[in-house]
Amino acid sequence: MTAAELERAGAVLAAEAARFASFGWMRGTSGNLSVLLSRDPFRLAVTASGRDKGELGPQDVVLVDELGAAVSGGRPSAEAELHARVARLTGADAVVHVHTVASVLMGRRRPGGIVLKDLEMLKGVGHPADGEEVTLPVIANSQDMRVLGDRLEAARDPRMPAVVVAGHGLYVWGDSPRQARHRTETVEWLLELELAAG
């Protein structure tokens, strides 16, 4: 893994973070993003801790291993361990974590999961617009990333590339930063619709 490769990954994550921050989904230093650079050895580029997500540069990234421990680049996000676990568990190459109002409120209102059906936007997460019901899992929050990872693994539905963490926010993953972004925007739209519908 070269410094240039890590910097390229940092530039991608900085651009994605700026987009999400412009929506108000990564206020202040909240939220984090990652992109997989290698599976063997496992190396994941994660946004650095404590940085304004609307002002990240290519250097604001940390390389971590399969347990979320820093390999180079400083201090990763506190959730780096969960990003690494999601990437290993799902085979995803990119993970997005945003703190949206809709995800926090819907997680509180529907702690058993958010059932979705007969919506055109479901195509954005790989489902038909009608005739199929899918549940967006909701899990309880924890400051212990191992506990949170266990909860995510137990609740995860392979048909839904996302999970809501009650009182915290939304995790979404995909095969690339672009796909993870599209899925995040789709899931957030679905959550906003459910919220508006009461």
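Residues numbered from 1 in each chain as written. Predicted model: local features only at pLDDT ≥ 70, side-chain atom pairs only at ≥ 80, totals over all residues. Heavy atoms only, no water.

### Some remarks on the packing of helix α3 (residues 101-109) against helix α5 (residues 177-197)
In step 1: Relative to each other, α3 and α5 sit at 55°, their axes nearing to 9 Å. One element, α3, and the other, α5, form an angle in the oblique class. Here the hand of the crossing between α3 and α5 comes out left-handed. Here α3 contributes Ala102, Ser103, Leu105, Met106 and Arg109 to the contact with α5, which in turn contributes Glu188, Leu191, Glu192, Glu194 and Leu195.
In step 2: Looking at side-chain class alone, the contact of α3 with α5 contains five nonpolar, one polar and four charged residues. (Axes fitted to C-alpha atoms, helices over the stretch in contact; angles between N-to-C directions. Helix = DSSP H or I, 4+ residues; strand = E, 2+ residues; numbered from the N terminus. Parallel < 35°, antiparallel > 145°, perpendicular 65-115°, else oblique. Left-handed = near helix turned anticlockwise from the far one by under 90°. Contact = heavy atoms within 4.5 Å. Nonpolar A, V, L, I, M, F, W, Y, C, P; charged D, E, K, R; others polar.)

### Looking at the pattern of salt bridges
Between side chains of opposite charge, pairing is possible as soon as their charged atoms come close.
In step 1: This model, assessed by the stated rule, comprises 10 salt bridges.
In step 2: Across the pair Asp157 and Arg159 runs a salt bridge, and its minimum N-O distance is 3.2 Å. (Salt bridge = Lys/Arg side-chain N within 4 Å of Asp/Glu carboxyl O.)

### Here's the deal with helix α4 (residues 145-155)
In step 1: Three or more residues of α4 are buried, namely Met145, Leu148, Gly149 and Leu152. One side of α4 carries all its buried residues, which in axial view fall inside an arc of 100°. Along α4, exposed side chains directed more than 90 degrees from the buried face belong to Arg146 and Ala154.
In step 2: The inward-facing, buried residues of α4 contact α2 (80-90), β8 (138-139) and β9 (162-165).
In step 3: Sitting at the head of α4, Asp144 places a side-chain oxygen 2.9 Å from the backbone nitrogen of Arg146. (Buried < 20%, exposed > 50% of the residue type's maximum accessible area, 1.4 Å probe, protein only. Arc of directions from axis to C-beta. Polar contact = N/O pair within 3.5 Å; in protein donor to acceptor, adjacent residues only side chain to side chain.)

### What to know about empty space enclosed by the protein
In step 1: Taken as a whole and assessed by the stated rule, the structure comprises one cavity of 30 Å³ or more.
In step 2: In this structure, the largest cavity occupies an estimated 50 Å³ of space.
In step 3: If you trace the largest cavity, you find it lined by Leu13, Glu16, Phe20, Leu33, Ser34, Ala94, Val95, Val96, Pro177, Ala180 and Arg181.
In step 4: Looking at the lining of the largest cavity, the elements that each hand over two or more residues are α1 (3-22), β1 (32-39), β5 (94-98) and α5.
In step 5: Residues that form the lining of the largest cavity fall into these classes: eight nonpolar, one polar and two charged. (1 Å grid on protein atoms, 1.4 Å probe; cavity = no way out; pocket = protein on both sides within 12 Å on 5 of 7 lines; lining within 4 Å. Points joined across faces, edges and corners; volume = space filled by probe spheres on them.)

### A short note on the packing of aromatic side chains
In step 1: Under the criterion given, the structure shown has two aromatic pairs.
In step 2: Ring centres 6.0 Å apart and planes at 20° place the aromatic pair Phe20 and Trp25 in the stacked group.
In step 3: The rings of Phe20, Phe23 and Trp25 are connected pair by pair, giving a single aromatic cluster. (Phe/Tyr/Trp six-rings, centres within 6.5 Å; stacked < 30°, edge-to-face > 60°.)

### Considerations on the nonpolar core
A general tendency of soluble globular proteins is for nonpolar side chains to be buried together.
In step 1: Judged by nonpolar contacts, the single largest core of 36 residues is most densely connected at Ile114, Leu116, Leu136, Leu170 and Leu191.
In step 2: The element contributing the most residues to this core is α1, with six residues.
In step 3: In this view, Ile114 contacts Met106, Val134, Thr135, Leu136, Val138, Val164, Leu191 and Glu194; residues no more than four positions away in its chain are not counted.
In step 4: Leu82, Val86, Leu148 and Val163 belong to the second-largest nonpolar core, a separate cluster that totals 12 residues. (Core = buried A, V, L, I, M, F, W, Y, C linked by side-chain atoms within 4.5 Å.)

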